[in-house]
Amino acid sequence: MPYPEVGVFAVDKPQSFTSFDVVAKLRGLLGIRRIGHGGTLDPLATGVLPIFIGKATKAVDRLEDNSKRYTATAVFGRQTDTGDITGETIERSNGLPEKSQLQEVIESFVGPYEQIPPMYSALKVNGRPLYDIARAGGMIEREPRSIEILSMKLLVYDTKQQEFTIDVCCSKGTYIRTLVEDIAKGCLAVATLSRLRRTKSGPFTEGDCLSLDEIEVCLKSGDRSFIQPVDRLFTALERVTLTEQQYMRFMNGASITVDTVEQTAQVGVYYQNSMIAVACNACGKLKTVARFV
């Protein structure tokens, strides 16, 4: 079907790039203006950054799996205003926990967790990003947010370098910078994030990623096969395939009757083997949740 280009893929975000920098670079390479990303990564961080192009951007907040996984390294003895080593030091400490204590504290964070977002974040208060307020020297109270640490383990504890590395799988909205600080507080110490790599975001892992340079090489050779269909994000959804007549009605906003789908269940809507929407069964009728054409 002659649809505008719609699809998803994952970029291995390089260090020092913002997520917006990656999107801006891809707009130029792909010649597509409508591009979004899933899950902002700080400039310090590297790793999996999902990219959505065309109307696939409507799927950003509708992923079946929004969990994230990271490998994070933090250094004891210093806490900064930004929560990572790029910031200004605001507190120092000489204390180092025993490995057993550090492991115990790390394990205590697994499960639901009320986390206070950092001042240096893109969350908005009265329409203004917190990082703008922080850069102007301001400080405001932030409400804790409910997140979940799905799993976390200590990978390395190097007392000589005074640093530790963790593998953490967490829900959307988790700030690893804050998690590291909170782990240190639990050890009666201070720490700041020194390295961060996202190894999984939703359905994408490191093995799915291409670097920006690799994408540029592909595009110069006319190869756009790295752009995957949007149903890559919705593999668990039941599939409803429309006839040509149903497709025309659906595209014009008319109700389509369904009798084989569980009430209220979300489904993938297909026409000619292409996913065109996510919908739900509302009283026997397909109700569009997100349309990709």
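Values in this document were obtained by computation on a predicted structure and should not be read as measured data. (Residues numbered from 1 in each chain as written. Predicted model: local features only at pLDDT ≥ 70, side-chain atom pairs only at ≥ 80, totals over all residues. Heavy atoms only, no water.)

Participant: Looking at this structure, I do not really get the overall build of the protein chain. What am I missing?
Facilitator: Along the protein chain, the regular secondary structure elements total six helices and 18 strands. Considering only contacts within the protein chain whose residues lie at least 6 apart along the sequence, 66% involve residues at least 24 apart. Looking at the protein chain as shown, the accessible area adds up to about 14800 Å², and 48% of this sits on carbon and sulfur atoms. Distance between charge centres in the protein chain, computed from 35 positive and 35 negative side chains, equals 6 Å. (Helix = DSSP H or I, 4+ residues; strand = E, 2+ residues; numbered from the N terminus. Contact = heavy atoms within 4.5 Å. Areas by Shrake-Rupley, 256 points an atom, 1.4 Å probe, with all protein chains shown as cover. Lys, Arg positive; Asp, Glu negative; His and termini not counted. Charge placed at Lys NZ, Arg CZ, Asp CG, Glu CD.)

Participant: Would you mind going over the state of the cysteines with me for this structure?
Facilitator: Chemically, a disulfide is nothing more than a covalent bond linking the sulfur atoms of two cysteines. Applying the stated criterion across every chain yields a total of zero disulfides. We note that Cys218 lacks a disulfide partner, and the nearest cysteine sulfur, in Cys209, lies 13 Å from it. (Disulfide = S-S within 2.5 Å.)

Participant: Sorry if this is basic, but what is going on with the pattern of salt bridges here?
Facilitator: Close approach of charged atoms allows side chains with opposite charge to pair. For the structure on display, the rule yields nine salt bridges. In this structure, the salt-bridge partner of Asp42 is Arg177, at a minimum N-O distance of 3.0 Å. Here Asp42 is found in the loop between β2 (35–37) and β3 (46–53), whereas its partner Arg177 is found in helix α4 (residues 176–186), with 135 residues between them in sequence. A single network of salt bridges, built from pairs that share partners, joins Asp12, Arg197 and Glu206. (Salt bridge = Lys/Arg side-chain N within 4 Å of Asp/Glu carboxyl O.)

Participant: Mind showing me how you'd approach the packing of helix α1 (residues 19–30) against helix α5 (residues 212–220) here?
Facilitator: Relative orientation and spacing of two packed helices are given, respectively, by the angle between their axes and the distance between those axes. For the pair α1 and α5, the least separation of the axes is 10 Å and the interaxial angle reads 10 degrees. Accordingly, the angle class assigned to the pair α1 and α5 is roughly parallel. For the pair α1 and α5, the contacting residues are Val22, Lys25, Leu26, Leu29 and Leu30 in the first and Leu212, Ile215, Glu216 and Leu219 in the second. (Axes fitted to C-alpha atoms, helices over the stretch in contact; angles between N-to-C directions. Parallel < 35°, antiparallel > 145°, perpendicular 65-115°, else oblique.)

Participant: Quick question: what am I supposed to make of the sheet that holds strand β18 (residues 285–291) here?
Facilitator: Whether parallel or antiparallel, the strands of a sheet pair through hydrogen bonds between backbone atoms. The strand order across the open sheet built from four strands is β15-β16-β17-β18, with neighbouring strands paired in mixed fashion. Every interior strand has two partners, whereas the edge strands, β15 (238–241) and β18, have only one. The sheet shows a mean angle of 40 degrees between the axes of neighbouring strands, direction not considered. In terms of strand pairing, strand β17 (residues 274–282) meets β18 through six bridges, oriented antiparallel. Looking at the pairing, Ala277 lines up with Arg291 of β18. (Pairing = 2+ DSSP bridges.)

Participant: Would you mind showing me how to read the nonpolar core here?
Facilitator: What tends to happen in soluble globular proteins is that the nonpolar side chains get buried as a cluster. In terms of nonpolar packing, the biggest core is built from 31 residues, with Phe164, Ile176 and Ile183 touching the most fellow members. Residue assignment for this core shows that the elements contributing at least two residues are β4 (68–76), α2 (99–108), β10 (145–158), β11 (163–170), α4 and β12 (191–201). Once residues within four sequence positions are removed from consideration, Ile183 is found in contact with Leu102, Val105, Ile106, Phe109, Met152, Phe164 and Ile166. Counting residues in each nonpolar core, the second largest holds 18 residues, with Ala10, Phe52, Val60 and Cys209 among its members. (Core = buried A, V, L, I, M, F, W, Y, C linked by side-chain atoms within 4.5 Å. Buried < 20%, exposed > 50% of the residue type's maximum accessible area, 1.4 Å probe, protein only.)

Participant: Before we go on, may I ask you to explain the packing of aromatic side chains in this structure?
Facilitator: Any two aromatic rings considered together are summarised by their centre-to-centre distance and by the angle between their planes. Here the structure, examined in full by the defined rule, presents six aromatic pairs. Seen in terms of ring centroids, Phe9 and Phe226 are 5.1 Å apart; in terms of plane orientation they differ by 85 degrees. Their pairing is edge-to-face. On the criterion of sequence distance, the pair formed by Phe9 in strand β1 (residues 7–13) and Phe226 in the loop between α5 and β15 is long-range, its members being 217 residues apart. Residues Phe9 and Phe226 agree in their burial class; the two are buried. An angle of 5 degrees between the planes, with centres 4.0 Å apart, marks the rings of Tyr247 and Tyr271 as stacked. (Phe/Tyr/Trp six-rings, centres within 6.5 Å; stacked < 30°, edge-to-face > 60°.)

Participant: For this particular structure, what's the right way to read the pairing of β4?
Facilitator: Regular strands place side chains that alternate from one sheet face to the opposite one. Most of β4 sits inside the fold, with seven of its nine residues counted as buried. In the sheet, β4 pairs with β11 via eight bridges, with the strands oriented antiparallel. Opposite Ala72, over in β11, you have Ile166 as the bridge partner. As defined by bridge partners, β4 adjoins β12 across nine bridges and the pair is classed as antiparallel. Paired with Phe76 across the bridge in β12 is Ala191.

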